[in-house]
Amino acid sequence: MSSLLKNRLQEERKQWRKDHPYGFFAKPEKSADGSLNLQSWTAGVPGKDNTIWENATYPLTITFPNDFPSKPPKVRLPAGFYHPNVYPSGTICLSILNEDQDWRPGINLKQILLGVQELLDTPNPDSPAQEPAWRAFGKDRALYEKKVIEQAKKYAKAG
Amino acid sequence: MSDEEFEYTDDSDSLYSDSVDDDNFKIEDSLVKHDIVQYKQHTTREMMETLHKKCTKLSEVLGKPHDYVVTLLQSYKWNSEKLIEDYMDDPQDVELRLGLSTVKLNGEHHENTGLQTYTEEAPFSCFICCEDKLESYKLKCGHEFCLDCYRTYLNEKVKQANVIKCPSCDVALTPGDIDTISGTNGSSVLLENSIKEYVERHKTYKWCPSPDCNAIVEVLNSSDIAHLVDTNQIPIVICSNGHRFCFNCGFESHVPAPCNVTKQWINKCKDDSETVKWITTHTKTCPKCDTSIEKNGGCNHMTCRKCAYEFCWICLGTWDNHNNQYYQCNRYQYEQAEKNNKSAKDKKLQDEATKKSLQRYLHYYNLFNIHEISTKQDKSRCDVVENTVREVQEGVGISWIEAQFLVDSASTLLNARRVLKWSYAVAFYCDRGYSLDLFETVQAGLADAVEALSLLFEISDVEVIAKKKLNFLNASKLLEDRQRAMVLATEETINNGTLRL
């Protein structure tokens, strides 16, 4: 791991521990030998209150490439996640996570996770990443909401 | 028709720069008719000034600084109408959207923006590289990054011609910010890239397609172009470096071929020429199943992979007859012919037709290609014509103006050869008939005249060149006449409706 990458990821961790929004979590994965793998994180994003996404925390995996922060990290929800802008693989289609669009090296983890939370309830119908959720969102809103609420139950907060 | 009718009228002269207002540019244009396209020539620098003027004007309208308007227009892809409309509607919304306002940034207001310097004792820790640095830059959003990271970031972003935003949020960098950070005129690089976008986005502008030429042409009656093209007229324009090109195709001048002929011809050449060339030189077709076969070994005993037919590569007859008379194929040609006569006559006819059409295409393609290559050779010779002029001047002791016939002849030659080249594309799409006979007679005349002048340029002895001045002038005059005749003949052929696309 290059020193730039390592320093930056340690800084991300430091900043996150110092200050992160309520209901969110993010931490580097533990390797089998107990050491931390700073390039691979798990995180949780809560659905906003008073939306169909509420009362659930959605699990994310974040992979930082070797040329981070020149290149954006890859952020994934579980495969098969129901959302118009999430690919069947779980990869999230979000402009700030796209190198050719709005990714900039100064964007930090907090901004990314807040961006994902924002995306949950305000999908972008112009860049569909999967068919079922996109179609339902456009054509059959009742079905869409039903599916989202079912999904929220699956990821419901403990207790 | 008298020659005078083809002279182009000077009433719109102010639009063209004098340097290209050369005699020989007039001839080709009997078909083009200069007044059908009204245009202006621009250089990249002029375009830059145009954009800056646009900004200055708008900055007065909006009452905002120049820098600020540049950024606004860049975000609006130089669509000032849309910008004014939106801005008049809700200026705050525009500013917020484009990152030109910090109102929404948690209400924070940051003083001391711009370059920041630190000391070794209390250095600045940059979030991007996480290193301690002494120099940084801070935007009005309060985000601050070291100059090294900022420069890397800017180098990457200026290529994209978009407004550059803070590495962390959506606040836009103004040209002033960019120049201060990069320490050079980074913002003008960005603006230059914006010109590319501007030209490509506006239908009234086109880049000159000549290699290494970055001149721009702006057509003033762009709404007429489609009509011109529909009626087989060619919207030829000349860039400020003297390159002629078709504004519709964005391609070198293809007079006398109309745009649709040009397009089909180019596509055909692209699809067929290379493949056809390779196939004809490297393969023969299996006498039984017509598969193209490439011989990759020395033996002439061939077995078709597809139909397993065994045959002789030399006479294409069946191998059975070769057992005793190895490779003595001459006698089998007769038998082969007889056999063909007996069987599959229809198929043969069909093959012939395909072959004929291919041969016809190859005929015209070869002619076209030969002149394309010759054009390149002529061009390299004409490029040094200025040197020849100097040599003639010095060697023979005549004045500069007296030696100018060389420059004129060179340019006549180049134009005429291009017309000749494209006339072959037209011929390919013409029906056989009286009209084409006439066309080809004129074409042959033009080809003669082209070669005659080209031959004169082979002379390298300056004294001979000076002596042959009259020959140059006569050959050029003849060539101009024939070129004019070619353009007219094409026009007539097209008007007679013999074009088959």
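Scoring rules and cut-offs
Residues numbered from 1 in each chain as written. Chains lettered and ligands numbered in written order. Predicted model: local features only at pLDDT ≥ 70, side-chain atom pairs only at ≥ 80, totals over all residues. Heavy atoms only, no water. Helix = DSSP H or I, 4+ residues; strand = E, 2+ residues; numbered from the N terminus. Contact = heavy atoms within 4.5 Å. Areas by Shrake-Rupley, 256 points an atom, 1.4 Å probe, with all protein chains shown as cover. Salt bridge = Lys/Arg side-chain N within 4 Å of Asp/Glu carboxyl O. Buried < 20%, exposed > 50% of the residue type's maximum accessible area, 1.4 Å probe, protein only. Buried area = accessible area lost by both parts, 1.4 Å probe. Polar contact = N/O pair within 3.5 Å; in protein donor to acceptor, adjacent residues only side chain to side chain. Axes fitted to C-alpha atoms, helices over the stretch in contact; angles between N-to-C directions. Parallel < 35°, antiparallel > 145°, perpendicular 65-115°, else oblique. Nonpolar A, V, L, I, M, F, W, Y, C, P; charged D, E, K, R; others polar. UniProt positions renumbered as here; feature names shortened; annotations may be inferred. Pairing = 2+ DSSP bridges. Arc of directions from axis to C-beta.

For the rest of this paragraph, the subject is the overall build of chain A. Helices and strands together make up the secondary structure of chain A, namely four helices and four strands. At a minimum sequence separation of 6, the contacts of chain A that also span at least 24 residues come to 57%. For chain A, the exposed area adds up to about 8,400 Å²; of that, 50% sits on carbon and sulfur atoms.

Here the focus is the pattern of salt bridges. Applying the stated rule across the entire model yields 19 salt bridges over all chains. A salt bridge links A:Arg8 to A:Glu12; the nearest nitrogen and oxygen atoms lie 3.0 Å apart. Of this pair, A:Arg8 and A:Glu12 both sit in helix H1 (residues 3-18), separated by four residues, roughly a single helical turn. Judged by its relative accessible area of 0%, A:Arg8 falls in the buried class. Look at A:Glu12 and you get buried, because its relative accessible area is 3%. Among the ionic pairs, B:Lys82 bridges to B:Asp86, the shortest N-O distance being 3.0 Å. You can see B:Lys82 and its partner B:Asp86 sitting in helix H5 (residues 80-89), four residues apart, about one turn around the helix. Of the residues examined, B:Lys82 reaches a relative accessible area of 40% and is grouped as partly exposed. Take B:Asp86: its relative accessible area is 15%, and that puts it in the buried class. Bridged by salt links that share partners, the residues B:Lys82, B:Asp86, B:Asp93 and B:Arg97 form one connected network.

What follows deals with the interface of chain A and chain B. Across the boundary between the two partners, chain A contributes 15 residues, which contact 13 residues of chain B. Taken together, both faces of the contact between chain A and chain B bury some 1,100 Å²; the carbon and sulfur share is 54%. Applying the counting rule to chain A against chain B returns one salt bridge. For B:Asp170, the salt bridge identified is with A:Arg104, shortest N-O distance 2.9 Å. At the junction of chain A with chain B, the criterion picks out eight residue pairs in polar contact (both at pLDDT 80 or more).

Tracing the backbone through its elements, the reader meets A:Arg104 in the loop between strand E4 (74-76) and helix H2 (109-121). Residues A:Arg104 and A:Pro69 lie 35 residues apart in sequence; the distance between their C-alpha atoms is 7.9 Å. Aside from chain neighbours lying at most four places away, what touches A:Arg104 is B:Tyr153, B:Lys157, B:Lys165, B:Cys166, B:Pro167, B:Ser168, B:Cys169 and B:Asp170.

At the junction of A:Phe68 and A:Pro69, the peptide bond is cis and its omega measures out at 5° in the coordinates. In this fold, A:Pro69 is placed in the loop between strand E3 (57-63) and E4. Looking along the chain, the bond that leaves B:Val255 and enters B:Pro256 is cis, with omega of 10°. In this fold, B:Pro256 is placed in the loop between strand E11 (251-252) and helix H11 (259-282). Residues other than glycine seldom take positive phi values, yet B:Lys77 does so here, at roughly 50°. The topology assignment puts B:Lys77 in the loop between helix H4 (66-75) and H5. For B:Cys130, which is not a glycine, the phi torsion comes out positive at approximately 55°. Along the chain, B:Cys130 turns up in the loop between strand E3 (124-125) and strand E4 (132-133).

Residues and elements named next belong to chain A. With respect to the helices, strands and loops of the structure, Thr91 is situated in the loop between E4 and H2. At a separation of 3.3 Å, a polar atom in the side chain of Thr91 contacts the side chain of Arg76. Contact partners of Thr91, with chain neighbours within four places excluded, come to Lys74, Val75, Arg76, Asn85 and Val86.

We now examine the packing of helix H8 (residues 175-182) of chain B against helix H9 (residues 186-201) of chain B. When two helices pack together, their arrangement is captured by the angle between the axes and the distance separating the axes. All names here are of chain B. In contact at an axis separation of 7 Å, H8 and H9 are set at 125° when each is read in the N-to-C sense. Compared by their axis directions, H8 and H9 come out oblique. Across the interface between the two elements, Pro175, Ile178, Asp179 and Ser182 of H8 pack against Gly186, Ser187 and Leu190 of H9. Tallied by class, the residues present in the contact of H8 with H9 amount to three nonpolar, three polar and one charged.

With that settled, the discussion passes to the UniProt feature "active site" (unreviewed entry) in chain A. All names here are of chain A. The sites that carry the UniProt feature "active site" (unreviewed entry) are, in the present numbering, Cys93. With respect to the helices and strands, Cys93 occurs in the loop between E4 and H2. We classify Cys93 as partly exposed; its relative accessible area is 24%. Residue contacts for Cys93: discarding those within four places in its chain leaves Asn85, Tyr87, Leu119, Ser127 and Ala129.

Moving on: the environment of B:Cys246. Residues and elements named next belong to chain B. Mapped onto the elements of the fold, Cys246 is located in strand E10 (residues 244-246). Separated by 12 residues in the primary sequence, Cys246 and Pro258 place their C-alpha atoms 10.0 Å from one another. Here Cys246 is in contact with Ile234, Pro235, Ile236, Phe251, Glu252, Ser253, His254 and Cys259, once residues within four sequence places are set aside.

All names here are of chain B. One open sheet accounts for three strands, arranged E9-E10-E11; its pairing is antiparallel. The strands lining the two open edges of the sheet, one partner per strand, are strand E9 (236-238) and E11. Pairing geometry for E9 and E10, over three bridges, is antiparallel. Within the sheet, the bridge partner assigned to Ile236 lies in E10 and is Cys246.

It is worth spelling out helix H7 (residues 147-157) of chain B at this point. Residues and elements named next belong to chain B. Turning to H7, its buried residues number three or more, namely Leu147, Cys149, Tyr150, Tyr153, Leu154 and Lys157. Projected onto a plane normal to the axis of H7, the buried residues spread over an arc of 155° and lie on a single side. What points out from H7, more than 90 degrees from its buried face, is the exposed set Thr152 and Asn155. Check the buried side of H7 and you find it contacts strand E2 (114-117), strand E5 (135-138), strand E6 (144-146), H8 and H9.

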